[in-house]
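# Structure assessment
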Amino acid sequence: MLNNTYRDPGEGAIKYANQVFEGNSRVEIEMMLSALLKGDLNKAEDKRVKRCDYCNYWFCDDSLRNTCRTCCDDCKISYKTLQRRKQRAEKAFLNPKPKKETKSDLYLWWLEYPCWANEQAMIEVGWRFEKPMSARKMDYVLSQQEKYGKGNRKKKAEIINYNGNELE
Ligand SMILES: [Zn+2]
């Protein structure tokens, strides 16, 4: 059993519930429902009634040797999928794939003076972050920053009070 939460009931579970509730009105069924989920309505000697491993509802096993663990084929497929996903996750957790080293890993950013460990990597990756600029272009950027502030946003125009009363 992977867990004990209820999922959408499978065909077999619905069939069994129909058998149990046959001939009862809606109100009666509502009252019997919690007893059914607890398993109180099952006949004690009936070894064929069990919980589905996937949807977790009771069902009646019609198989020859009474070896079914899920109520229908859909539940079986979903259960197997869940099992496989869990196994894969466990495997990945126990021996994770080693991370492939990329060129940007060669930038030693954690040092007091960050630097590149490899010149080729610096040329191929570094230009995206530190673009070379001509002196003219840098002057232009600086003057624009002085005018508008950082981020190219225009400064709010100052409203000057011409009445001469500075308190206002
Ligand atoms: Zn089921």
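Residues numbered from 1 in each chain as written. Predicted model: local features only at pLDDT ≥ 70, side-chain atom pairs only at ≥ 80, totals over all residues. Heavy atoms only, no water.

## As for a nonpolar patch on the surface
- Taken together, the side chains of Trp109, Trp110 and Leu111 present a nonpolar region at the surface, about 390 Å² in accessible area.
- Positionally, Trp109 belongs in the loop between β3 (107–108) and β4 (115–116). (Patch = residues over 30% accessible without salt bridge, like charges linked within 9 Å, V, L, I, M, F, W, Y side chains within 5 Å. Areas by Shrake-Rupley, 256 points an atom, 1.4 Å probe, with all protein chains shown as cover. Salt bridge = Lys/Arg side-chain N within 4 Å of Asp/Glu carboxyl O. Helix = DSSP H or I, 4+ residues; strand = E, 2+ residues; numbered from the N terminus.)

## Description of the packing of aromatic side chains
- For the structure shown, the criterion picks out three aromatic pairs.
- Centre to centre, the rings of Tyr107 and Trp116 are 4.9 Å apart; their planes meet at 50°, and the pair counts as tilted.
- Over the face of the ring belonging to Tyr54 we find Arg7, whose NZ or CZ atom lies 4.5 Å from the ring centre. (Phe/Tyr/Trp six-rings, centres within 6.5 Å; stacked < 30°, edge-to-face > 60°. Lys NZ or Arg CZ within 6 Å of the ring centre and 35° of its normal.)

## Description of unusual backbone geometry
- Phi is positive for Asn56, which is not a glycine, with a value near 75°.
- Here Asn56 falls in the buried class, since its relative accessible area comes to 4%. (Buried < 20%, exposed > 50% of the residue type's maximum accessible area, 1.4 Å probe, protein only.)

## Observations concerning the coordination of the zinc ion
- Those donors, Cys52 (SG), Cys55 (SG), Cys71 (SG) and Cys75 (SG), are the protein atoms that reach the zinc ion, and they lie 2.3 Å from it.
- Every donor counted, the four donor atoms about the zinc ion form angles of 100 to 115° at the centre, which fits tetrahedral coordination.
- Of note, the zinc ion draws all its donor residues from one chain, in the sequence arrangement C-x2-C-x15-C-x3-C. Pair check on accessibility: Cys52 and Cys55 agree, each one buried. (Donors = N, O, S within 2.8 Å, 3.2 Å for Na, K, Ca; no water. Tetrahedral: all angles 85-135°; square planar, octahedral: opposite > 155°, others 65-115°.)

## Regarding the domain arrangement of the chain
- Domain parsing of the chain yields domain 1 (11–94) and domain 2 (103–152).
- Inter-centroid distance (C-alpha atoms) of domain 1 to domain 2 is 63 Å. (Domains from an automatic or database assignment.)

## Some remarks on the side chain of Asp61
- Secondary-structure assignment places Asp61 in the loop between β2 (58–60) and α3 (73–94).
- A distance of 3.0 Å separates a polar atom in the side chain of Asp61 from a polar atom in the side chain of Lys50.
- Polar contacts involving the side chain of Asp61 include one to the main-chain amide nitrogen of Thr67, which spans 3.3 Å.
- If we ignore the near neighbours within four places in the chain, the residues touching Asp61 are Arg48, Lys50, Asn66, Thr67 and Cys68. (Polar contact = N/O pair within 3.5 Å; in protein donor to acceptor, adjacent residues only side chain to side chain. Contact = heavy atoms within 4.5 Å.)

## A few points about helix α1 (residues 11–21)
- Buried residues of α1: Gly12, Ala13, Tyr16, Ala17 and Phe21, and no others. Seen from one end, α1 has its buried residues packed into an arc of 160°, which puts them on one side. When the buried face of α1 is taken as reference, the exposed residues oriented beyond 90 degrees from it are Glu11 and Asn18.
- Of the surrounding elements, those touching the buried residues of α1 are α2 (26–38), β1 (49–51) and β2. (Arc of directions from axis to C-beta.)

## Digging into the nonpolar core
- Of all hydrophobic cores here, the largest spans nine residues; its members are Ala13, Cys52, Tyr54, Cys55, Phe59, Cys71, Cys72, Cys75 and Tyr79.
- Once residues within four sequence positions are removed from consideration, Cys71 is found in contact with Gly10, Glu11, Gly12, Ala13, Cys52, Cys55 and Phe59. (Core = buried A, V, L, I, M, F, W, Y, C linked by side-chain atoms within 4.5 Å.)

## Here we look at the pattern of salt bridges
- Evaluated as defined, the whole model comprises five salt bridges.
- In this structure, the salt-bridge partner of Asp62 is Lys15, at a minimum N-O distance of 3.1 Å. You can see Asp62 sitting in the loop between β2 and α3 and its partner Lys15 sitting in helix α1, a full 47 residues away along the chain.
- Lys15 gets classed as partly exposed once you look at its relative accessible area, which sits at 46%.
- Here Arg26 makes a salt bridge to Glu30, at a shortest N to O gap of 3.9 Å. Taken together, the positions of Arg26 and Glu30, both in helix α2 and four residues apart, correspond to about one turn of that helix.
- Residue Arg26 is classed as exposed on the basis of its relative accessible area of 67%.
- Residue classification places Glu30 among the exposed residues on the basis of a relative accessible area of 54%.

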